[in-house]
Number of protein chains: 2
Amino acid sequence: MGATVRMVARVKSRRSTANRGAPSPSIELPAEALLGQRRVIIEGVRPCVDGGAFPAKRTLGDEMAVTADVFADGHDCLRARVQWRLDGVLEWDEGPMVALGNDRWQGMVPLLELGRYRFRVVAWIDPFRTWRRDMEKKIAAGVAEPIDFAVGAAMVRAALSRADGDRAPILKRAVAGLEAQGPSVGRRTVLDDELAAVMAGLDERLFASTSEPELEVVVDPVRARFSSWYECFPRSCAAAAGRHGTFADLEARLPYIAGMGFDVLYLPPIHPIGRKHRKGPNNSPTSAPGDHGSPWAIGAAEGGHTAVHPELGDLDAFRSLVAAARAKGIELALDIALQVAPDHPWVAEHPEWFRQRPDGTVQYAENPPKKYQDIYPFDFECAAWRELWAELRAVFEFWVAEGVTIFRVDNPHTKCFAFWQWCIGALKQQHPELIFLSEAFTRPKLMYRLAKLGFTQSYTYFPWRNHKTEIVEYFTEISRLELREFFRPNHWPNTPDILTAFLQTGGVRAFEIRLVLAATLGASYGVYGPAFELAEGRAVREGSEEYLDSEKYQLRHWDLDAKDSLRRLIARVNRIRRENPALQSDLGLRFHDTTADELICYSKSAADGNTAVLVVVNLDPHHRQSGHVELQLDAIGIDHEEQFQVHDLLSGARYLWRGARNYVELDPESTTAHVFVVRRRLRSEQDFDYFL
Amino acid sequence: MGATVRMVARVKSRRSTANRGAPSPSIELPAEALLGQRRVIIEGVRPCVDGGAFPAKRTLGDEMAVTADVFADGHDCLRARVQWRLDGVLEWDEGPMVALGNDRWQGMVPLLELGRYRFRVVAWIDPFRTWRRDMEKKIAAGVAEPIDFAVGAAMVRAALSRADGDRAPILKRAVAGLEAQGPSVGRRTVLDDELAAVMAGLDERLFASTSEPELEVVVDPVRARFSSWYECFPRSCAAAAGRHGTFADLEARLPYIAGMGFDVLYLPPIHPIGRKHRKGPNNSPTSAPGDHGSPWAIGAAEGGHTAVHPELGDLDAFRSLVAAARAKGIELALDIALQVAPDHPWVAEHPEWFRQRPDGTVQYAENPPKKYQDIYPFDFECAAWRELWAELRAVFEFWVAEGVTIFRVDNPHTKCFAFWQWCIGALKQQHPELIFLSEAFTRPKLMYRLAKLGFTQSYTYFPWRNHKTEIVEYFTEISRLELREFFRPNHWPNTPDILTAFLQTGGVRAFEIRLVLAATLGASYGVYGPAFELAEGRAVREGSEEYLDSEKYQLRHWDLDAKDSLRRLIARVNRIRRENPALQSDLGLRFHDTTADELICYSKSAADGNTAVLVVVNLDPHHRQSGHVELQLDAIGIDHEEQFQVHDLLSGARYLWRGARNYVELDPESTTAHVFVVRRRLRSEQDFDYFL
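Residues numbered from 1 in each chain as written. Chains lettered and ligands numbered in written order. Predicted model: local features only at pLDDT ≥ 70, side-chain atom pairs only at ≥ 80, totals over all residues. Heavy atoms only, no water.

Caption draft 1: Layout of the sheet that holds strand 23 (residues 599-605) of chain A. Residue and element names in this part refer to chain A. Strands sit in the order 27-26-29-24-23-22-25-28 across an open sheet of eight strands; the sheet is antiparallel. Bordering the open sheet on either side are strand 27 (654-658) and strand 28 (661-666), each of which pairs with just one other strand. Sheet twist, expressed as the average angle between the axes of neighbouring strands with direction ignored, equals 35 degrees. Pairing of strand 24 (residues 612-618) with strand 29 (residues 673-679), which is carried by five bridges, proceeds in the antiparallel orientation. Within strand 29, the position partnered with Leu-614 by the bridge is Phe-676. Along the sheet, helix 14 (residues 501-521) contacts strand 22 (589-594), strand 23, strand 24 and strand 29; its crossing angle with strand 23, the most-contacted strand, is approximately 30 degrees. (Pairing = 2+ DSSP bridges. Helix = DSSP H or I, 4+ residues; strand = E, 2+ residues; numbered from the N terminus. Axes fitted to C-alpha atoms, helices over the stretch in contact; angles between N-to-C directions. Contact = heavy atoms within 4.5 Å.)

Written as structure tokens, this is what we have:
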């Protein structure tokens, strides 16, 4: 007994014992009556984002696989169910889970409504099934004793109190069989499937465990997963050069846009444009009378974020545009930029929302040493943040009431993250059909955080991934399982801010290449036109990604009928996307090796696994490239060394391939890409009736 | 305005709207006043087990790296601190965090006391540092204006109210410099490091964010990470054959055990052994008078889990053994098997703790069709579970009071998981020095769960991993980052239940091989002796892993001085472990390719990265094997193509190697393994003074 009862090792005594006065959190027996008797463990429930802090994302009509590790001490038989309910619904729906092996279970949740679902896993020990399984073994081994039958009889008798008139007789017969009439009758009863089914239905779920925390999934419209965006400036849509375009002009252009197969039409801000410190053409710090300014310098005497720039038209014209677009299968997307021009009405009405400098002036936007005197950012640290948040949310609500369901949010990473979580959460609670595209060209973790806290889609680094290794690496990164649960990429080859060096130097073939990559690597993509389809490649100066004579600062007039326009190719690519489910999801992407650095090859397979699209792109806009692709045949559903047909949906050409290694040649003079559909089953002589 | 304000897509309407009567959880503005102004995001804090549901594990004296993603909207300068406090301490200690790149930050937490720590990350925007950084850029670009200096002056003036007498003058001078005396003085002030330091110290941490949830780490004694176990049956320790051994006999054997370098001595249950249904030798279902029975059939008229088997001695003899072992640097480990023999006093005193059958008898243990009439399991679903739990915990407390600090728990996976979490948590709260080894030879997820909820170490599948690919795969699996945070393997080549086919067929060389593997692959390992060092390989029958004449059912007398005993090799291996920190941790294990299937090669490097141990084992106990090792030189701290020395700590031999590819040959006739220490720095002619 002389031994040290408590061996306390103190490498270094850094605190006085007085500091230890905090009440030691005592570990008491669990308070909840049943807790100690719950023997089933549920952990690792998926999908799960950051331990349940954020919802996973799915789209309408998806069936969501919910998986979990489910196990208990000992060897008893378990049962598990997945449960779900839509936000606002009290009752849980539920479905069965099945064991996949290694204690992993899976159940399917049908997502039949838009909105936010909660889901969880419930599991318990099934004593009757356990008894039945053990009895089968004992009977087989000849060691079943009368008492073993009696144990089962007691269970069945207890279940009688829960049985209705139909099932009670079955149970009574079983009790009699197990109790009174000897092992031979008892044996038939043990093996009776009808009894097993009745007992399963009467299972009390005694001491059932429930997974914690409840997890969430947001169900978005299908367009959240699969969308083709077209951005254009309404003010450049006038039929005649030099005139300021209007909503009506854009409405007249809808057949052109729909003809290319786009289903989202995104407009830069449509609000009155500030006059103070207005920028001139090519971002000149000063403007002349008649200069139109930047649509992102929002607000003037005519109004702010809920007003329409008078030169574009009025609200009625806007409503007409929304309706006309929708009639063509196109949803309108508005750009929401939460910043103001110095003459935005809020600056005078709510000076408390902006950072005041010691001299009483408002702090304009800066990225030192650069200064943006035409833009005032909001001060999200201001004391009146509640009123500010409410008013900013009201901007979205205003446009939702006008029929807008899609918002492209400008630079969300320069606004308080908590605001977005609250704002998007509140908006989607009332309007689960809404889609928010995050324009956060910033560091990866900020982009991902915005996606977690509510943004439906996100711009990506795609514009700057040109080489094969860059593309493979980036798409592998954003295809990671945990990212896919909440991050939906939307790939843009160009934007009004981004005219990449590749597009500046590669001519029209560079635009073709980037189009095919964006539209087949990603389920959602977009282009800024007509600059894109007209292959506008002139930058304001060497080394800049800004367009020369950018529409951001002036009107442009585009020749939509130009000979080299990519509009027909775009239309074909978008039709291929519509007709091939493999291209409508970001799942199922696999890269395949090629023997040429400039040739990239990848496949996308649909969820049903039946149809695969195989893409080969020549990344070099200038030179013919040839080499072999080394296919991972399992990714495209082909058996080793089988002959199969690849049908190029772009050119219409068909090739017979065999096995993993096949030759390709792509010459920019004629074509830069193959978009093959893989046809596995080829007719052969064995398909003829008489071949038998 | 005619547009659909709410587009609700219902693929299938499955609920009546009446069911939607639940109050919709409205998204209100955040309640907490500051929440909206908190702009810093903290996520991905590590170490973290299951989102914080369980503590990570470390050992005394470790410095724990805490990492987190820390970022905010915009471009402001951030500061982050890691905070920690020992359970029961009110105040948080804290230390700095530094940015590692890609928004990942790291801080170090010194773990200087045993017990459970909480830790978290605090981060905020530093407005003064942000202003200073921006001002430096503006000054450099020549665009700093008087108002920019005034903004900083206002911050410094505000800080004056928080400054003490020493710092106030510095601030006052700075205000004057920034405000009144023109840009040249202001510029000097902006760049003044003393001002920056004072302002950093006065930082208000305005709108600071704190990571959630608070995470935990359990700090265990060093032996939790690095331990060498020896199991033996005290009743077989008598000096003379045929006599029942005692604690005193075992005490006399301590020099032998300490001489082999073990630091944990683990005894099978030491309690009175049941007489009802007692098993005879070789697990015979019946026993004869004089048979000793299985120590795991616990409890008889003499007492239960807190009594000592009279033939082993009394409590005084036990206490003497504990003290004598500790004097030799050995901690005693007791086996706690929570099950009873039919004549355990609890069966009569607490029939409610056991499952009663309809005929009033107690349900014995079964694994159908096998029956274990000599063992009654507890019914963890019984209504009296609270009393049961308390009494079982009291068993541990009894032996802790007798000086026991280590428990090997028998089959914990057949007892309710919640019980272990509560029991171990409560015990370690009072006695943070305790170590619990989980004997859960079961499916992986159950083993891992037991580790998460409190077990300090765990048995592993090591006994059955014999081939190179099996070993590499298994050790790669248990070295996964997320597992290492809570799962500490303890590798046993044999146990009283496990005499593997490899040991049965490989002779003494097989024992050598498994010893070197266990002791160098794992920081903790153990053997069941004297069966191990005497290379006892006789099984009860072909195809069984049970020993012939197993000590589980009878006394054995061992010839410790047998010629072939491995005791000297064991002593050498354990000394190598003590002298090489690389072998005292499960981190730093790397496998290296070899050109022979039967040769396995791996290295372990110490945390300091300076010393590496390189092991090569011939996995074939019968034949000479030779081939080349292909070293990953970075893992052992060697530059490409450098010459280095490998010094075999087993044989004493030294070899000069160069580069990645080196020849090895191991012949079981002489030796089965190399345990090299790698010496990087070789003397050369340049080390002589005159070589200059």
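Caption draft 2: View of the sheet that holds strand 11 (residues 264-267) of chain A. Residue and element names in this part refer to chain A. A sheet is described by the order of its strands in space; here eight strands give the open sequence 20-19-18-17-12-11-10-21, paired in parallel fashion. Each edge of the sheet is formed by a strand with only one pairing partner; in this case those strands are strand 20 (489-490) and strand 21 (524-528). Pairing of strand 12 (residues 331-336) with strand 17 (residues 406-410) involves four bridges; the strand directions are parallel. Counterpart to Ala-333 in the pairing with strand 17 is Ile-406. Across the sheet, helix 6 (residues 247-259) touches strand 10 (227-231) and strand 11, and the angle it forms with strand 11 is around 150 degrees.

Caption draft 3: Local environment of the side chain of Ser-544 of chain B. Within the element layout of this structure, Ser-544 of chain B appears in the loop between strand 21 (524-528) and helix 15 (567-579). Within the structure, Ser-544 of chain B has its side chain in polar contact with the backbone nitrogen of Glu-546 of chain B (distance 2.9 Å). (Polar contact = N/O pair within 3.5 Å; in protein donor to acceptor, adjacent residues only side chain to side chain.)

Caption draft 4: Focus on the pattern of salt bridges. Inspection of every chain in the model, using the stated rule, returns 113 salt bridges over all chains. For Arg-408 of chain A, the salt bridge goes to Asp-335 of chain A, with nearest N and O atoms at 2.8 Å. Of this pair, Arg-408 of chain A sits in strand 17 while Asp-335 of chain A sits in strand 12, and the two are 73 residues apart along the sequence. As far as the burial class goes, Arg-408 of chain A and Asp-335 of chain A line up, both buried. One salt bridge connects Glu-536 of chain B with Arg-556 of chain B, and the closest N-O pair in it is separated by 2.8 Å. A residue pair is termed long-range when its members are at least 10 positions apart, and Glu-536 of chain B in the loop between strand 21 and helix 15 and Arg-556 of chain B in the loop between strand 21 and helix 15 qualify at 20 residues. Here Glu-536 of chain B falls in the buried class, since its relative accessible area comes to 7%. Several salt bridges share partner residues, and in doing so they unite Arg-39, Asp-73 and Asp-76 of chain A together with Arg-355, Asp-379 and Glu-381 of chain B into one network. (Salt bridge = Lys/Arg side-chain N within 4 Å of Asp/Glu carboxyl O. Buried < 20%, exposed > 50% of the residue type's maximum accessible area, 1.4 Å probe, protein only.)

Caption draft 5: The packing of helix 14 of chain A against helix 15 (residues 567-579) of chain A, seen in detail. All names here are of chain A. Running from N to C, helix 14 and helix 15 cross one another at 15 degrees; their axes reach a closest spacing of 11 Å. Taken as axis vectors, helix 14 and helix 15 run roughly parallel relative to one another. Considering how the two elements wind past one another, helix 14 and helix 15 form a crossing that is right-handed. From helix 14, Glu-512, Leu-515 and Ala-519 reach across to helix 15, where they touch Leu-569, Ile-570, Val-573 and Arg-577. (Parallel < 35°, antiparallel > 145°, perpendicular 65-115°, else oblique. Left-handed = near helix turned anticlockwise from the far one by under 90°.)

Caption draft 6: Focus on helix 12 (residues 468-478) of chain A. All names here are of chain A. The complete set of buried residues in helix 12 reads Lys-468, Ile-471, Tyr-474, Phe-475 and Ile-478. When helix 12 is viewed along its axis, its buried side chains cluster within an angular range of 140 degrees and face the same direction. In helix 12, the exposed positions that point more than 90 degrees away from the buried face belong to Thr-469 and Glu-473. Where the residues of helix 12 are buried, they touch helix 11 (444-452), helix 13 (481-484), strand 20, helix 14, strand 22 and strand 23. (Arc of directions from axis to C-beta.)

Caption draft 7: How the structure looks around unusual backbone geometry. Residues and elements named next belong to chain A. Residue Arg-46 is joined to Pro-47 through a cis peptide bond whose omega torsion reads 0 degrees. With respect to the element layout, Pro-47 can be found in the loop between strand 1 (40-46) and strand 2 (56-59). Omega for the bond connecting Glu-212 with Pro-213 falls within 30 degrees of zero, at -5 degrees, which places this linkage in the cis form. Secondary-structure assignment places Pro-213 in the loop between strand 8 (209-210) and strand 9 (215-220). Backbone geometry places Asp-50, a non-glycine residue, at a positive phi of 50 degrees. Relative to the helices and strands, Asp-50 resides in the loop between strand 1 and strand 2. Looking at Asp-50, the relative accessible area reads 38%, which means it is partly exposed. With phi around 55 degrees, Asp-549 is a residue other than glycine that occupies positive phi space. Here Asp-549 lies in the loop between strand 21 and helix 15.

Purely spatial values, then, with no claim about function.
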